[in-house]
Amino acid sequence: MSYGEVTLVGGGPGDWDLLTVRGLRALEAADVILTDHLGPASQLGDFLDISRKELIDVSKLPYGKQVAQERINELIVHHALAGRRVVRLKGGDPYVFGRGFEELAACAAAGVSCTVVPGVTSAISVPAAAGIPVTQRGMTHAFTVVSGHLAPSNPKSLVDWEALARVGGTIVVIMGVRHAPEICSALVDAGLAPTTPAAVIQEGETASQRAFYCELSELASVMASNAVAAPAVYIIGEVAGLAQP
């Protein structure tokens, strides 16, 4: 029996033209596209002939609609076993908090061929869109990307926030809007200076991008007063002070 094939495509952080050429070619060849709500999913019809493609929305909206990862895996494998060319289109990069490896493992278990097309991650590109380099010669030689989807007090959190406050360098937090007050407090309590430059960017690399610049002690209140909502990235570290708001 001849099976189809699966390609996990990183769609980049925002507008469709941040896709890689390889990712675009995979989308052009696809019979079925399973899309997230991030990246270029909403723009597919602007750059792709989708009239003969089946589009399946498998979004995981923060604190909203959630398609279980197990169901996504089932859909990917089902369509591939039916002989179709499947693209799983994700925002950012499939392997940066994208659960891409889980999908690859599901394909491997079913005997389905699966390849990965990397994408531009929001952890680096969104700060850049707001004028912030995550590293800078003579200022910082390291950056750490962490998920803020769990609060520091949550026993399931795998982030050592106290160590992060001491290690130095730039801290980039994604999926952390809801828990920003507790994250900022945890970093300050662990010794990070309240005056450390910070910034938050909502809907980076899109026409709706908004950016706000402040100090760490002000970050949570700035986000609240400006109704910052997901998707958003915030950056804490000396490099945030380099931006020209």
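This one's a predicted model, so the numbers in the text were calculated from it and none came from an experiment.

Colleague: Whenever I open this one, the sheet that holds strand β8 (residues 197–202) confuses me. Can you help?
Modeller: Whether parallel or antiparallel, the strands of a sheet pair through hydrogen bonds between backbone atoms. If you walk across this open sheet you meet the 5 strands as β6-β7-β10-β8-β9, and the pairing is mixed. Since the sheet does not close on itself, it has two edges, and those belong to β6 (143–147) and β9 (210–215), each with one partner. The sheet shows a mean angle of 15° between the axes of neighbouring strands, taken without regard to direction. Taken together, the 5 bridges between β8 and strand β10 (residues 232–236) define a ladder with antiparallel strand orientation. Bridging across to β10, Ala 198 finds its partner in Ile 236. Lying on the sheet, helix α5 (residues 122–129) is in contact with β6, β7 (170–174), β8 and β10; it crosses β10 at an angle near 80°.

Colleague: Sorry, what's going on with unusual backbone geometry here?
Modeller: Peptide bonds are trans in most cases, and residues, glycine excluded, mostly fall at negative phi. Here the residue pair Ala 230 and Pro 231 is connected by a cis peptide bond, since its omega of 0° sits within 30 degrees of zero. Turning to its location among the elements, Pro 231 is positioned in the loop between α8 (216–225) and β10.

Colleague: Teacher, can you tell me more about the nonpolar core here?
Modeller: Nonpolar side chains tend to gather and get buried jointly when the protein is soluble and globular. If you look at the biggest cluster of nonpolar residues, it comprises 24 residues, and the most contacted ones within it are Ile 171, Leu 187, Val 200, Leu 219, Tyr 234 and Ile 236. Breaking this core down by element, the ones donating at least two residues are α6 (161–167), β7, α7 (180–189), β8, β9, α8 and β10. Ranked by residues supplied to this core, first place goes to α7 with 5 residues. Here Ile 236 is in contact with Gly 169, Thr 170, Ile 171, Leu 187, Leu 192, Thr 196, Pro 197, Ala 198, Leu 216 and Leu 219, once residues within four sequence places are set aside. In terms of nonpolar packing, the next biggest core, distinct from the first, is built from 15 residues, Val 6, Ile 56, Leu 75 and Ala 80 among them.

Colleague: Looking at this model, I keep getting lost on the packing of aromatic side chains. Mind explaining?
Modeller: We describe a pair of aromatic rings using the distance from one ring centre to the other and the angle between the two ring planes. Using the criterion set out here, one finds 2 aromatic pairs in the structure. A centroid spacing of 4.7 Å and a plane angle of 10° characterise the contact between Trp 16 and Phe 47, whose relative ring orientation is stacked. Residue Trp 16 is found in the loop between β1 (5–10) and α1 (21–29), and its partner Phe 47 is found in helix α2 (residues 44–47); the two are separated by 31 residues along the sequence. The exposure class assigned to Trp 16 is partly exposed, which follows from its relative accessible area of 34%. Assessed through its relative accessible area of 15%, Phe 47 is described here as buried. Judged by centre distance (6.2 Å) and plane angle (70°), the ring pair of Tyr 95 and Phe 101 falls under edge-to-face. Among the residues examined, Tyr 95 registers a relative accessible area of 43% and is labelled partly exposed.

About the thresholds
Residues numbered from 1 in each chain as written. Predicted model: local features only at pLDDT ≥ 70, side-chain atom pairs only at ≥ 80, totals over all residues. Heavy atoms only, no water. Pairing = 2+ DSSP bridges. Helix = DSSP H or I, 4+ residues; strand = E, 2+ residues; numbered from the N terminus. Axes fitted to C-alpha atoms, helices over the stretch in contact; angles between N-to-C directions. Contact = heavy atoms within 4.5 Å. Core = buried A, V, L, I, M, F, W, Y, C linked by side-chain atoms within 4.5 Å. Buried < 20%, exposed > 50% of the residue type's maximum accessible area, 1.4 Å probe, protein only. Phe/Tyr/Trp six-rings, centres within 6.5 Å; stacked < 30°, edge-to-face > 60°.

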